[in-house]
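Chain residues, written in single-letter form:
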Amino acid sequence: MTQLALVIDLNVCVGCHACVTNCKQWNTSGSAGPLADFNPYGADPTGTFFNRVQTFEVGKYPNTQTVHFPKSCLHCEEPPCVPVCPTGASYKRADDGIVLVDYDKCIGCKYCSWACPYGAREFDESRRVMTKCTLCVDRIYDTALAENERKPACVLACPTSARIFGDIHDPDSPVSVAIRESAGYPLMPEWGTYPSNHYLPRRKTALHIHKDELQRADNPLKIDGLLPKPAKSEPSLDDVMSW
Amino acid sequence: MCACRCGIRVHLRDGEVRYIEGNPDHPLNHGVICAKGSSGIMKQYSPARLTQPLRRKAGSERGAGEFEPISWEEAFSLLAERLRHIRATDPKKFALFTGRDQMQALTGLFARQFGTPNYAAHGGFCSVNMAAGMIYTIGGSFWEFGGPDLDRAKLFVMIGTAEDHHSNPMKIALSKFKRNGGRFISINPVRTGYSAIADEWVPIRPGTDGALLLALIHEIIALGLFDREFLVRYTNAGELVNMNGANDEFGMFVRTEVPEEEGCFDPQNKLWWDRASNRPVLSHAEGSDPLLIGEFALSDGTPVKPAFQLLKERVESYTAEWASGITGIPVETIRRLAHEMGVTARDQKIELPIAWTDSWGKEHDTVSGNPVAFHAMRGLAAHSNGFHTIRSLAILMSLLGTIDRPGGFRHKAPFPRPIPPCAKTPNTPLGVRPNTPLDGLALGWPSEPDDLFVDDEGRPVRIDKAFSWEYPLSVHGLMHNVITNAWRGDPYPIDTLMIFMANMAWNSTMNTSEVRQMLNDKGEDGEYKIPFIAVCDAFQSEMTAFADLVLPDTTYLERHDVMSMLDRPISEFDGPVDSIRIPVVPPTGQCKPFQEVLIELAGRLNLPAFVRPDGTRKFRDYPDFIVNYETDTGSGIGFLAGWRGKGGEKFMRGEPNPRQWEMYAQNNCVYHHKLPPSYQYMRNWNKGYLEWSQRSRITRYAEPILIHLYSEVLQKFRLAAQGKGISRKPPEHLKKNIAEYFDPLPFYYEPLEAQKTDCTKYPLSAITQRPMAMYHSWDSQNAWLRQIHSHNHLYVNPQTASAQGIDDGGWMWVESQWGKVRCLAKYSEAVEPGTVWTWNAIGKAAGAWHLDADANESQRGFLLNHLISEELPGTASAEPISNSDPITGQAAWFDVRVRIYKAEPGEPASTWPQFQAVPAAPGTAVKNPGWLAYFAGKGRRK
Amino acid sequence: MKPAFSVIFLTTLIGAAQGLFLALFTAQSYVLFGLLPQQNEHTFYAHGSLVALVFLTGGLLASFFHLGRPERAWRSAAKWRTSWLSREVIVLPAFMGAIFLYGLAHLGGWKLVLATLESGVVIDASVVLGAIGTILAFALFVCTAMIYASLPFLREWHSPLTVINTILLGGASGFSLAATFAASGAPELMRFFAAWAFIITLLGLVSRSASLARNRRLKPKSTVQTAIGIKHPQIVQKSSGFLGGAFNTREFFHGKSPSVLRSVKWGFLLAAFVLPALMLAAGLWANVPEALPLAFAVQYPGLLAERWFFFAQANHPQNIYYQAVT
Ligand SMILES: Nc1nc2c(c(=O)[nH]1)N[C@H]1C(S)=C(S)[C@@H](COP(=O)(O)OP(=O)(O)OC[C@H]3O[C@@H](n4cnc5c(=O)[nH]c(N)nc54)[C@H](O)[C@@H]3O)O[C@H]1N2
Ligand SMILES: Nc1nc2c(c(=O)[nH]1)N[C@H]1C(S)=C(S)[C@@H](COP(=O)(O)OP(=O)(O)OC[C@H]3O[C@@H](n4cnc5c(=O)[nH]c(N)nc54)[C@H](O)[C@@H]3O)O[C@H]1N2
Ligand code: SF4
Ligand code: SF4
Ligand code: SF4
Ligand code: SF4
Ligand code: SF4
Ligand SMILES: [Mo]
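Note that the coordinates shown come from a computational prediction; the quantities given were computed from them, not determined experimentally.

About the cut-offs
- Residues numbered from 1 in each chain as written.
- Chains lettered and ligands numbered in written order.
- Predicted model: local features only at pLDDT ≥ 70, side-chain atom pairs only at ≥ 80, totals over all residues.
- Heavy atoms only, no water.
- Phe/Tyr/Trp six-rings, centres within 6.5 Å; stacked < 30°, edge-to-face > 60°.
- Helix = DSSP H or I, 4+ residues; strand = E, 2+ residues; numbered from the N terminus.
- Buried < 20%, exposed > 50% of the residue type's maximum accessible area, 1.4 Å probe, protein only.
- Lys NZ or Arg CZ within 6 Å of the ring centre and 35° of its normal.
- Near = heavy atom within 4 Å.
- Nonpolar A, V, L, I, M, F, W, Y, C, P; charged D, E, K, R; others polar.
- Pairing = 2+ DSSP bridges.
- Contact = heavy atoms within 4.5 Å.
- Axes fitted to C-alpha atoms, helices over the stretch in contact; angles between N-to-C directions.
- Polar contact = N/O pair within 3.5 Å; in protein donor to acceptor, adjacent residues only side chain to side chain.
- Core = buried A, V, L, I, M, F, W, Y, C linked by side-chain atoms within 4.5 Å.
- Expected span 1.5 Å × (residues − 1).
- Buried area = accessible area lost by both parts, 1.4 Å probe.
- Salt bridge = Lys/Arg side-chain N within 4 Å of Asp/Glu carboxyl O.
- Parallel < 35°, antiparallel > 145°, perpendicular 65-115°, else oblique.
- Left-handed = near helix turned anticlockwise from the far one by under 90°.

## Some points on the packing of aromatic side chains
One pass over the structure, following the stated rule, counts 81 aromatic pairs over all chains. Taken together, a centroid distance of 5.4 Å and an interplanar angle of 25° make the contact between B:Phe156 and B:Phe184 stacked. Taken together, the positions of B:Phe156 in strand 8 (residues 155-159) and B:Phe184 in strand 9 (residues 183-187) put the pair 28 residues apart, joining distant regions of the chain. Assessed through its relative accessible area of 0%, B:Phe184 is described here as buried. Taking the centre distance of 4.8 Å and the plane angle of 55° together, the rings of B:Tyr741 and B:Tyr749 count as tilted. Like B:Tyr741, the residue B:Tyr749 is buried in the burial classification. Connected via pairs of aromatic rings, a cluster forms that spans C:Tyr30, C:Phe44, C:Tyr45, C:Phe175, C:Phe181, C:Phe192, C:Phe193 and C:Trp196. The ring of B:Phe915 carries the charged tip of B:Arg516 above its face, separated from the ring centre by 4.5 Å.

## Regarding the site of ligand 5
Residue and element names in this part refer to chain A. Close to ligand 5 lie Cys23, Asn27, Phe50, Asn51, Ser72, Cys133, Thr134, Leu135, Cys136, Pro152, Ala153 and Cys154, which account for all nearby residues. Of all the secondary structure elements, the ones that give two or more residues to the shell around ligand 5 are helix 1 (18-28) and helix 4 (153-157). A breakdown of the residues in the shell around ligand 5 according to their chemical character gives 8 nonpolar, 4 polar and no charged.

## Side note on the pairing of strand 32 (residues 835-839) of chain B
Residue and element names in this part refer to chain B. Burial of strand 32 is extensive: 5 of the 5 residues sit out of reach of the surface. Judged by which residues are buried, strand 32 turns out to be covered on both faces: Thr835, Trp837 and Trp839 on one side and Val836 and Thr838 on the other are all buried. Pairing geometry for strand 28 (residues 764-769) and strand 32, over 5 bridges, is parallel. Within strand 32, the residue paired with Gln769 across the bridge is Trp839. With 2 bridges joining them, strand 29 (residues 794-796) and strand 32 adopt antiparallel strand pairing. Paired with Tyr795 across the strands is Trp837, a residue of strand 32.

## Section: the sheet that holds strand 23 (residues 532-537) of chain B
All names here are of chain B. Within the open sheet, the 7 strands sit side by side as 4-3-24-23-22-5-6. Their pairing is mixed. Either end of the sheet is taken by a strand with one partner, and the two such strands are strand 4 (67-69) and strand 6 (119-120). Note that strand 22 (residues 496-500) and strand 23 share 5 bridges and pair parallel. Looking at strand 23, one finds that Leu497 is bridged to Ile533. Sitting on the sheet, helix 4 (residues 104-114) touches strand 5 (94-98), strand 6 and strand 22, and the angle it makes with strand 5 is about 175°.

## Here we look at the side chain of C:Asn248
Mapping C:Asn248 onto the fold places it in helix 8 (residues 247-252). Classification of C:Asn248 by relative accessible area gives buried; the value is 0%. Within the local environment of C:Asn248, its side chain forms a polar contact with the backbone oxygen of A:Gly119, the two atoms lying 2.7 Å apart. In contact with C:Asn248, other than residues within four places in its own chain, are A:Gly119, A:Ala120, A:Arg121, A:Glu122, C:Phe253, C:Gln318 and C:Tyr322.

## As for the nonpolar core
Residue and element names in this part refer to chain C. Ranked by size, the top nonpolar core spans 185 residues in total, and within it Trp157 and Phe193 carry the most contacts. If one sorts the elements of this core by residue count, helix 1 (residues 5-32) sits on top with 15 residues. In contact with Phe193, not counting residues within four places along its chain, are Ala23, Leu24, Ala27, Phe44, Phe175, Ala178, Ala179 and Ala182.

## A look at helix 10 (residues 291-313) of chain C
The terminal C-alpha atoms of helix 10 of chain C lie 32 Å apart, and with 23 residues this matches the ideal 33 Å at 1.5 Å per residue to within 8%. Of all 23 residues in helix 10 of chain C, 17 are buried; the element is thus mostly enclosed.

## Notes on the interface of chain C and chain A
In this complex, chain C contributes 60 residues to the contact, which on the side of chain A involves 55 residues. Roughly 4,700 Å² is buried in total at the junction of chain C and chain A, and carbon and sulfur atoms are behind 58% of that figure. Area buried by chain C at its contact with chain A is led by C:Phe153, C:Phe247 and C:Tyr321, which between them contribute 14% of it. Linking chain C to chain A there are 2 salt bridges. A:Glu125 is paired through a salt bridge with C:Arg250; the nearest N and O atoms lie 3.3 Å apart. Counting across the interface, chain C meets chain A through 37 residue pairs in polar contact (both at pLDDT 80 or more). Those elements that provide at least two residues to the side of chain C that touches chain A are helix 3 (84-108), helix 4 (125-149), helix 7 (224-228), strand 3 (235-239) and helix 8 of chain C. Here the residues of the side of chain C that touches chain A sort into 29 nonpolar, 22 polar and 9 charged. As paired elements, strand 4 (residues 52-58) of chain A and strand 3 of chain C share 4 bridges and run antiparallel to each other. From the neighbouring strand, A:Val58 faces strand 3 of chain C, where its bridge partner is C:Ile235.

## Here's the deal with the packing of helix 9 (residues 209-222) of chain B against helix 15 (residues 386-399) of chain B
Residue and element names in this part refer to chain B. In contact at an axis separation of 9 Å, helix 9 and helix 15 are set at 25° when each is read in the N-to-C sense. Compared by their axis directions, helix 9 and helix 15 come out roughly parallel. The handedness of the crossing between helix 9 and helix 15 is left-handed. Listed contacts from helix 15 to Asp209, Gly210, Leu213, Leu214, Leu216, Ile217, Ile220 and Ile221 of helix 9 are Thr389, Ser392, Leu393, Ile395, Leu396 and Leu399. When its residues are assigned to classes, the contact of helix 9 with helix 15 shows 10 nonpolar, 3 polar and 1 charged.

## Here we look at the interface of chain A and chain B
Between chain A and chain B, the contact holds 71 residues from the first and 89 residues from the second. In total, chain A and chain B occlude about 6,300 Å² of area from one another, counting both sides; carbon and sulfur atoms represent 54% of this. Area buried by chain A at its contact with chain B is led by A:Gln25, A:Tyr41 and A:Tyr61, which between them contribute 14% of it. At the boundary of chain A with chain B, the tally comes to 5 salt bridges. Residues A:Asp9 and B:Arg179 are paired through a salt bridge, measuring 3.0 Å at the closest nitrogen-oxygen approach. Put simply, chain A and chain B have 45 residue pairs in polar contact (both at pLDDT 80 or more) between them. Of all elements in the fold, only helix 1, strand 2 (37-38), strand 3 (46-47), strand 5 (65-71) and helix 4 of chain A reach the threshold of two or more residues within the side of chain A that touches chain B. If one sorts the elements of the side of chain A that touches chain B by residue count, helix 1 of chain A sits on top with 7 residues. Considered class by class, the residues forming the side of chain A that touches chain B number 32 nonpolar, 24 polar and 15 charged. Where strand 2 of chain A lies against strand 36 (residues 931-932) of chain B, 2 bridges are found, and the strand directions are antiparallel. In the strand pairing of strand 36 of chain B, A:Asp37 is matched with B:Leu932.

Below, the structure is given as structure tokens:
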């Protein structure tokens, strides 16, 4: 069985929000739209977004890490948001594992959002139904698009390619390889929701320089006479040792 | 093409914009797009869009934002009449200043043809230190002119960069670099954005990078970790400097003979001290190798030293211990950084099987490189000591042997240029004459005091005092001083100020509150001190409120544009690239592209380049202008380099091609000329490349461009200040300054503001950064982007904040000598404790950008610019000076010193200062909607 | 969680109705088994049922305010196999139907004897309907409670105590209500209802206190460390990605200070349990009969506060992702 998902590489995400607004523009005019904005030009503007990029600071100065953390629906393998839905509007597709909302069935009771530990669902105040990341179902199967463009909007937008899309049940897919090789992990594993989206941790490249690497025969200062070469006639071990 | 430079594809549904995506075939962004680009729909349909020409209502005050709509014909005749009179009497009374546009080739041409010297774009307040500091050293620069080769680098050091102009390419490259196992170090007082994913963050006190870089140079030289061969062959390290203090040539290179042809190139007539024969030889003489270290005497007794020896002497006292005290970086870290750079450069050499020939005819089988790459931007540039800091960086990069080599710094065409580039301004007030084009460019690259644009007394000709003894190398002008100078009438009053695409009543001005008053100030006679202000903008900004005439521009989705080789093209490392923009939706309302406005005006004013001898217009419109304009009749050089020649068979140079736009459009709107691999590296000294570039008229000379570790240009100014030589001399009161700052070798000095501040009273530095999801001030009208940054905080290290009793999230004051601001505090462990910072230009004036008067931007957001002064107090005898780098006139945005304290409990919970809300301009939306649910193709828009 | 008033009214109103019905049927059963004197007025049960129905309808109405799309409410019966909410949606009308018939049976005085037990107890239609209603009332308590108790992430709710509380609090308020109601319709039953109300209120106090005690000891299972998958003792959110608020900040944060929460807690402990219990006791044993019918008037607002607190105290793990909103 297929389980489509995103893998998000925190090692390269710079927190640019491209995925946030690209998602918004794709979806607001797409099958999930429109996504409403309230007070768009007034006080406390707020609106429906399927994807948010958050920022966390880890550690104390000067050993601080700034972590940019994008989050959308994780398309859980055991999605707690689905069984609680009284209407069946929330469902998980059997063939590709995408968790969706049928906006025509949803009564806007918000119960599914209570049941999602990740805060991944957003209630659309203008249509008064629940919405969430659709994994861009209206792109990824669209045969009118070129093959390599049949990917979620956020994935195509991301300048650092921090967002990888694919089938986590296919061991050879780029997402599975990334999870395996770069220690991908799920969020809040304690709830047994088995999120399909995974995150790749920060990885650190360090350089170790040995003292002796700093002193070398090819030091150019020798050429300019700053590091004198000992004259051949000066005493050396050759004069005193015999083997 | 998107708002700045990336390629986009715009999808429409029933005439409305449905989706904007990155163009996968575009060489710059390869299909990716940023948050701003993705929110283009909300710019296009913003309620803040201006849609008709507006005139200030008779009797209403400037700044009150009271307007009446007029027709374009009225607007044109009003402007033309005024400008015709100015041009016929004193053209310099017309000043044209433009912001972050990409059409300086056209605006500059217009100004020059008009005959005014008073033209500049945003460069002077942006990052001119970066351009000048590096171009005067290596003939190229970061910014849009060159960059780090992260495909091949192993170590990448990023200094003082938050986002920068080529942000998408940088992000693409950074993630590839990291995934390939490269090591990424960021030197920055703040850890956000790019720095967040750095392997190591080196926090530094603002304005002190010069000290760090000089200490790194010290270490690298002391340990012999420099690339000697590179220095010898490709820099002036081995060239002998005249050390005879009594001589007029003191501090200049000793020359053998003067070349026949004078031009803007660096003749190869200097001397080396040959190691083998122990006597002077012509530099680069076959079989010779110079000593870089030592002191020698020429046969006539002249004492000489190699430039490298002087550099070595200069950095002697710049030890890691010294720098640590200034920068706040531990000594071991400074040493380790030097070791990492030096050892990586030395031991991880790259060798590519690419044969090339150097300028001296030597053939090389391979191109080699030392994989240490740097990138730096305004964190270095926007300080008053930035020029020397950036020269230090360029010298460090040169010592490591990383200039235009794989894994290091790479040029982008048309760079490298000669040092300095050829373009010059007139050098006397006589260059400005009524009804005559300016006799030279409005902006240029002085190579000696005689190139300055001053009168006989040494007084500036330009309103911003650029190219004067005050700011001799201000190659991008000083836009941040224009309003203050014009208001004061210093050096003279002007009549008409035209502003295009800049928000000079807000974020691109320092001392904002007072500058707003200056814009509005009247003289004794009851007339405005700046009599007439015309503003071309696409949105209702803070600036448009101060206009007498508002010209509504189109958006980037509505007009033709070019990223021209005559301006700042989008070239790649592997060759020149230029690109165009074509309209995808019709103009909104009566919006008219500013390009069309200029061409129309030029026609009405009879500017020679735009009209035929019989006075009829040469160009139908802007697209026609782009195709048919040539720099000189028959020069074959125009705005676009691609598909020139009758049938589009030529490039760079060729007759106008009537189908040029079409051909660009068919090719992703981009012309990319890939150079053969042998021309892609070592271009300062690559014979093949330089000759190709000469043939293609990118440059006039094919002489090698030797790196200036030691800068004779600076020394020439210093000599003038010391009274030596035959060139012009600075006025008495500026002699000391010139002698001090025009040091041919980099040195460290405290930023000017700190020198004039009691730093115990104002112990902190305050700086800003670009947020990735906002473009300066103008994305607050964007319904999506403003949700991400509807207001801003002052980020303070918890240690610093709690010492003042300031709570996380609480109201606080931040105060400089020049002003104060009430704002919201936010604790952050990712900022150096001596620094406070905020996102740039989030705070807004009430009512601007068509936001409700109670919008968060004006009530909770704040602008740091109120704290920054455009001038620093002079001494008892001297006038105030610009708050700028004394060499380049670069605006010192990041020098401001502040103190912070808690707001009193009873104070209002809103930012201070507040400004009277302006009403919505006629032609903008009538009312803001309570909610918005955009769905393209609903036919709500025509 | 942000307390939703529609849901607070829904649960308290139907809880009281369920309790009231149980009270009525308890009384009838006592009578049936001769533990209480025969009730002449069958209209008492009918009117009682009507009051319960009014409360239920009120609750139902309140619940509609919670829905974004009330016109589609009928769809919510679809997923009874998995969703407690769906089950509630089915049981609630069934229960209302049962009460309706129960009331009707009393009103119409349907004496159709279905069975006579050996002891001579006569089982008529009202008894059968009452028994069905009782089952449904308990089913409804369970459904309502399980809507909350079944969410493992809301650890304050995820406990059998939530079910017990729901039953006891509904029962207490229902019996109090019955006592009030009986004051006019069947004064002879007043003390009976009041006595039960007293007992159930005390039981409610015990179980609610138990759940408070439990919740105080709860250690969050999800932390910012598990939420973003980074192991470090000091992690602070600096930005939740927007500044003007979002659904996630509106729905899941009550925005009240801890001191408000504390006062509401003591307030509901007093108003929902201690005061009504005192009033009931006063009425029963201290000869202040006027106090009895007033107990409900105090207890119901107390239960509203209790529900408010029930929501406010529940800490949704999603809040970890949305701490930074200023
Ligand atoms: N999204 C977005 N992109 C933009 C723009 C925008 O408004 N929005 N504007 C464009 C323009 S006009 C420009 S000029 C570029 C500017 O691009 P950047 O050069 O990246 O400019 P800033 O954002 O000003 O960032 C300055 C950085 O320098 C750091 N800094 C400040 N002082 C010092 C110092 O003394 N030493 C060091 N080492 N670091 C220091 C700051 O912390 C900050 O990280 O961005 C361009 N790109
Ligand atoms: N404190 C502080 N201040 C700074 C800086 C800093 O780092 N710190 N950075 C400085 C730098 S580097 C820069 S470049 C300046 C930038 O400052 P400005 O150049 O003032 O930048 P914007 O706010 O982008 O203003 C651009 C104007 O162009 C308008 N505009 C947008 N699109 C169009 C169009 O298509 N046509 C026309 N005609 N107008 C258009 C916008 O509405 C806006 O009014 O800010 C400077 N100010
Ligand atoms: S993340 Fe939330 S909404 Fe998405 S599938 Fe999992 S539980 Fe459901
Ligand atoms: S809000 Fe809609 S999708 Fe969510 S549980 Fe209710 S009916 Fe189902
Ligand atoms: S997959 Fe599609 S819907 Fe989901 S976050 Fe990305 S762009 Fe948005
Ligand atoms: S677009 Fe990519 S880099 Fe930018 S915030 Fe989203 S995931 Fe991170
Ligand atoms: S960086 Fe500028 S040009 Fe590129 S996508 Fe963003 S807004 Fe558009
Ligand atoms: Mo800039």
